[in-house]
Structures are given as C-alpha cells and as structure tokens.
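A closer look at the structure
So you can see what is in the structure, the chains are spelled out below.
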Amino acid sequence: MIEVKNISKSFNEHKVLDGINAEFQPGQVSMIIGQSGSGKTVLLKSIIGLYIPEDGEILFDGREFVGASIKFQREIRKEIGMLFQGGALFTSLTVEENVMFPLNLFTDYSKSEKLDRVNFCLERVNIKDSNYLYPAEISGGMQKRVAIARAISLNPKYLFCDEPNSGLDPQNSILIDRLIKELTQEYNMTTIVNTHDMNSVMEIADKVYFINKAKVWWSGNNEEIFHSDNKELNDFVFASELFKKIKENL
Amino acid sequence: MNIFENIGKYFVLMKAAFTKPVRAKIFGKRILAEIDSIGINSIWIISIVSVFMGAVLTLQVAINFENPFIPRYLVGLSTRDTMILEFSSTVICLILAGKVGSNIASEIGTMRITEQIDALEIMGVNSANYLILPKIVAAFITFPFLSILSIILGIVGGYLVSLFTGVVSLYDYVYGLHYAFIPFYVFYTLIKMCVFAVIITSVSSFCGYYTQGGALEVGVSSTKAVVYSIIIILIFNLILTQLLLT
Ligand SMILES: Nc1ncnc2c1ncn2[C@@H]1O[C@H](COP(=O)(O)OP(=O)(O)O)[C@@H](O)[C@H]1O
Ligand SMILES: [Mg+2]
C-alpha cells in the first residue's frame, strides 16, 4: 500500500499540487485523472521522488520516503516499475538488452537465467521475435509493451504508469490497459495509472482520483463517476458525446 | 540562471558522478564503449587537422624567415615546439570540444527529454554515475594518446611539405626536430590534455543533463556545451601554462 499524505509541490510560485491525500491498495489499479497540465505527471513523479515535494509524507508499506536518504530511496525504487509516457526505452540498446538492463544491475542471475526471465517478460506482453531490434525499429504500441516488460522484469511491488496509452490507437490502448490490469492482479502490485482517457477508466480502474485546481477534487470508483453531481468532474468526464449518451441512458 | 548557481549545480552533479559504480563489469563495458565513441571516433579528424597544420606551420616559418642569419633548422624546431606546446593540446581540444562536447550534450540531453534518465533513476541507478563517469574516464585515458598522435602527424606534415616543396632541406628540418628538445614539454602537454579531457566531458555532460523542454532545447544545450567548454579550456590553458612553464 502507498499512502500519500498532504503532498504539495510548486514550480516558481506556481502551485501544481496543494495538499494531496490518497491511498493506493495492492492488487488494484488506481487511476489519477484530470486535464492535461493538471499535475498528474508531477504527482506521480513526486510520489517516486523524481520531484521533491515541499510538504507532506509518502509511505511505501509504512516506509517513509520523502526526506529519506538517497540510498534508502534507491532501495525502494528497486521495488518500483515505471512505464513512462513515451516508453523511455534506452535507444542505444536492443529490446532484449532493455529488458535485461535491470537484471544486469540488480541480480546475480546467470546469463541463461537472465535470458529466460527476459523472454518470459516479453512473452507476457506478447512480444515475439523482436529481441534484437532497436526501439526505433518497432511500433509505438510495441515500445510501450517492451517498456512494460522492462518495468516488471524485477517483479516490482509497485507499478506506475504515466499515460500508458497516449499516442496509441484504440485497439492497442485496450490491449495495454488490460495488460496492466492483469499484471496488477497476477502479482498483487500496487498500481497507479495517470490518464485523461475515460475509456481506460471504465475498462480497468478500481479507484479513481480526479485532480483539479491542484487538489483531489473527487475520488471514488468508476461506477460512482456516473452518478456524481460534482460539476467539474462531470465537465471532464462527459466532454465527449459518447459519454453524454451513456449517461442519458443510465 | 546565475553563474554561481550553475557552478554549484555542476559540482553537485560531479559529486554524484564520482561515486563507486554498482557493477564493475558494467562500468568496464561502458568505458570501452565510450573510448570507442569519444576517442577512436576522433582519430580521423585529429589526424587530418594535425597533418595539415604541421605542413602549414612549416611553410609559414620557412617562408617568413628568409634571413641568412637565422639558421634553417629553426623551421623544424618551431614546428616541433608549436605542435607540442599548443597545437596538439589546446587547439586539438578546441576541436574536440566541438565534436565530442556537442555529441555528449545532445546524447544526454535527448535522454533527459525522453525520460530515459528518469527511467534510470527509477530503477535505482545513479544516472550521473552511470552516464557521465565512463565518459570522463574514457576521455582521460584516450586524449593523451590523441595528443601524441597529433604531435607525430604534425611533424610528419612538416616533413612532407619539406620533401615536396623543398622550402627547407630535409636535413635541416630533421636536425631542427632534434635540436634543443625539452622532454618536459611533452609531459606538460599530456597534463593539459588530461585536464581538458575532464573539462570537455564533464561540462558537456552537465549541459546535457539539465536540458529542459524538447528537441530545440537539446540543440541549445549542445551549443552551450561547446561554448562553455572552449572558454573554460582557454582559461585553464592560461593557468596551467603559468603554473607549469614559468
Ligand atoms: N519541471 C517543471 N518545471 C516547471 N513547471 C513544471 C515542471 N513540470 C511540470 N510543470 C508544470 O506543472 C503543471 C502540471 O504538469 P503535468 O503534471 O505534466 O501535467 P499533466 O497532468 O498533463 O501530466 C503544468 O502547468 C506544467 O507547466
Ligand atoms: Mg503528464
């Protein structure tokens, strides 16, 4: 479980996060939704310490993270897998080397054990026959899946995904979403996903946090979204005609 | 941003870079890769520039000192000492600042804006140590060799020009090469090379590491890397010359 208590973060006087509270449970996909520029990425990066919050506490299964020594933070980070918005695969390494990268650094597996693990992870995300290709040689959807394989290679307890389906077509989006959900349940990971895509929310969210004006404006599960009378949430969720129609037919 | 803040950030980054690597084997591999990209890849440009500069220096001196009271062998001596003292260290490093420096800054800058550096940090990797230290070590090892190569090729360039144009006889040229040779000059140049190697790689890494924004900003960082490296090299050249040669 990850507990976020009263986190605040600003850039040059501009308050991006203002006293955020949230709780993320293992085995569940928690989603952070909000408009572009609302601070989703900043929140995610603050939780893992890529940005240092000015205020507040973050507990990883009770272990205080903010203000801990960099050494301790690196220990916790080994338990974290992260999927970045653009994939962030290492461009100078092949698909296989990318997934093997964390294994080389943090395990004492033999060469063949590492290869087995890499192939297991790649198979899990449905990548075949691409071990020796470079990231630039595969499609955006494949890059995302390889990035997932890399993120899960060390069996993380926590999985963070920043807009996992941005830039993907609807079919690939659903594929990635379902993969994240399945992996979360299989390995009982505490998963946090940023998105502005309501389809994803409907598809896989167990818990939803709506960020607006630097605060957690609304939270609940993805059923409750439809029945909420929170104006800003409704403006965000029912921006598209499709979702308006769904609401009318409820 | 003000200069003192930047200097402070630079030293914080270097402190993070100069730590013990997690895995010696991976570190070794990274160094070899960087020796290839920083050192081996620069050999051709250094060679071309050095041969031509040695040739031109020899021509210039031979033509401009057509005075019967100045012995001809001074042509060889002047080519040798100019190459050793300044050309094969300072000038070569100004060229390397352009080639290697911009390369490093754009590589690290691109990794920054595509979140590859964040990805390293999230894996619990010290990204400064992983990315920057191998570059510094590789340059520190290879730059002195590039300098020696440049000295030799510069002298060869002078030899060829003497051979083909006859502005100075080969006998005089070679005699000049041996005349009043001070081995300490070579040592002085190698020390400069090592210092400049660290300057170019660390300053360029710094410029790349703190890139913010997109592709355009990577270009800006790359330019900054070259300009800052050159200015700092010139300043240190002055300081080292004062310290070592006076
Ligand atoms: N490194 C930074 N420096 C200054 N401002 C930033 C930085 N990162 C993000 N911001 C600002 O924080 C706000 C939220 O950004 P972000 O979290 O990326 O939004 P999103 O919800 O789309 O992920 C934006 O206004 C952005 O300009
Ligand atoms: Mg974002």
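Per chain, the residues get numbers from 1 upward, laid out in the order the sequence is written. Chains and ligands are labelled by the order in which they are written, letters from A for the one and numbers from 1 for the other. Only residues with pLDDT of at least 70 get local features here, since the model is predicted, and only at 80 or more are side-chain atom pairs given and counted; chain-wide, interface and lining totals rely on the full set of residues. With hydrogens and water stripped out, all remaining heavy atoms of the structure feed into the side-chain values.

Focus on helix α8 (residues 183-209) of chain B
Because each turn of an α-helix spans 3.6 residues, side chains separated by three or four positions in sequence point in the same direction. Going by this rule: Helix and strand definitions follow DSSP, with helices as H or I runs of at least four residues and strands as E runs of at least two, each counted in order from the N terminus. To estimate how far a helix should reach, multiply one less than its number of residues by 1.5 Å. The classification of residues rests on relative accessible area computed with a 1.4 Å probe and restricted to protein chains. Under 20% of the type maximum is buried, over 50% is exposed, and intermediate values are partly exposed.
With 27 residues, α8 of chain B should reach 39 Å at 1.5 Å per residue; the first-to-last C-alpha distance of 40 Å fits that figure. Across the 27 residues of α8 of chain B, 19 count as buried, placing the element largely inside the fold.

Some remarks on the interface of chain B and chain A
The test is simple: The contact criterion used is simple: two residues touch if any of their non-hydrogen atoms lie within 4.5 Å. Each salt bridge in this description consists of a side-chain nitrogen of Lys or Arg and a carboxyl oxygen of Asp or Glu lying within 4 Å of one another. Polar contact is defined as a pair of N or O atoms within 3.5 Å, subject to the rule that within protein one atom must be able to donate a hydrogen and the other to accept it, and that residues adjacent in sequence are counted only when both atoms are side-chain atoms. Throughout, the ten residues Ala, Val, Leu, Ile, Met, Phe, Trp, Tyr, Cys and Pro are labelled nonpolar, Asp, Glu, Lys and Arg are labelled charged, and all others, Gly among them, are labelled polar.
The partner chain A presents 23 residues to the 17 residues of chain B that form the contact. Across the contact surface, chain B and chain A share four salt bridges. Residue glutamate 121 of chain B pairs with arginine 77 of chain A through a salt bridge whose shortest N-O separation is 3.4 Å. For the interface between chain B and chain A, the tally reads seven residue pairs in polar contact (both at pLDDT 80 or more). Top element by residues in the side of chain B that touches chain A is helix α5 (residues 116-122) of chain B. It accounts for six residues. Partitioning the side of chain B that touches chain A into residue classes produces nine nonpolar, four polar and four charged.

Details of the packing of aromatic side chains
Residue and element names in this part refer to chain B. Heads up, the rule is: Here a pair means two rings of Phe, Tyr or Trp (six-membered ring of Trp) with centres within 6.5 Å. Their orientation is stacked below 30 degrees between planes, edge-to-face above 60, and tilted elsewhere.
Throughout the structure, instances matching the rule amount to 18 aromatic pairs over all chains. Judged by centre distance (5.7 Å) and plane angle (45°), the rings of phenylalanine 184 and phenylalanine 187 are tilted. One end of the pair, phenylalanine 184, and the other, phenylalanine 187, are both in helix α8, three residues apart, so they sit about a helical turn from each other. For phenylalanine 187, a relative accessible area of 47% gives the class partly exposed.

Some words on the layout of surface pockets
Filter applied, for reference: Put plainly, a pocket is an open set of points on a 1 Å grid over the protein atoms alone with protein on both sides within 12 Å along at least five of seven lines, a cavity is a set where a 1.4 Å probe fits but cannot get out, and a lining residue has an atom within 4 Å of a point. Grid points are joined across faces, edges and corners, and a volume is the space filled by probe spheres set on the points.
The volume enclosed by the largest pocket comes to roughly 1,700 Å³. Along its surface, the largest pocket is lined by 48 residues, and Leu50 and Tyr51 of chain A together with Arg112, Tyr209 and Tyr210 of chain B are the ones closest to its centre. Element by element, the count of residues in the lining of the largest pocket is highest for helix α1 (residues 3-17) of chain B, at six residues. In terms of residue class, the lining of the largest pocket is made up of 21 nonpolar, 15 polar and 12 charged. Here the second largest pocket is characterised by a volume of approximately 910 Å³. Taken together, the elements giving at least two residues each to the lining of the second largest pocket come down to α3 (95-106) and α4 (111-124) of chain A together with α2 (24-39), α4 (74-113), α5 and α6 (127-165) of chain B. Per-element accounting of the lining of the second largest pocket gives the leading share, six residues, to α3 of chain A. Taken together, the residues that form the lining of the second largest pocket break down as 11 nonpolar, five polar and nine charged.

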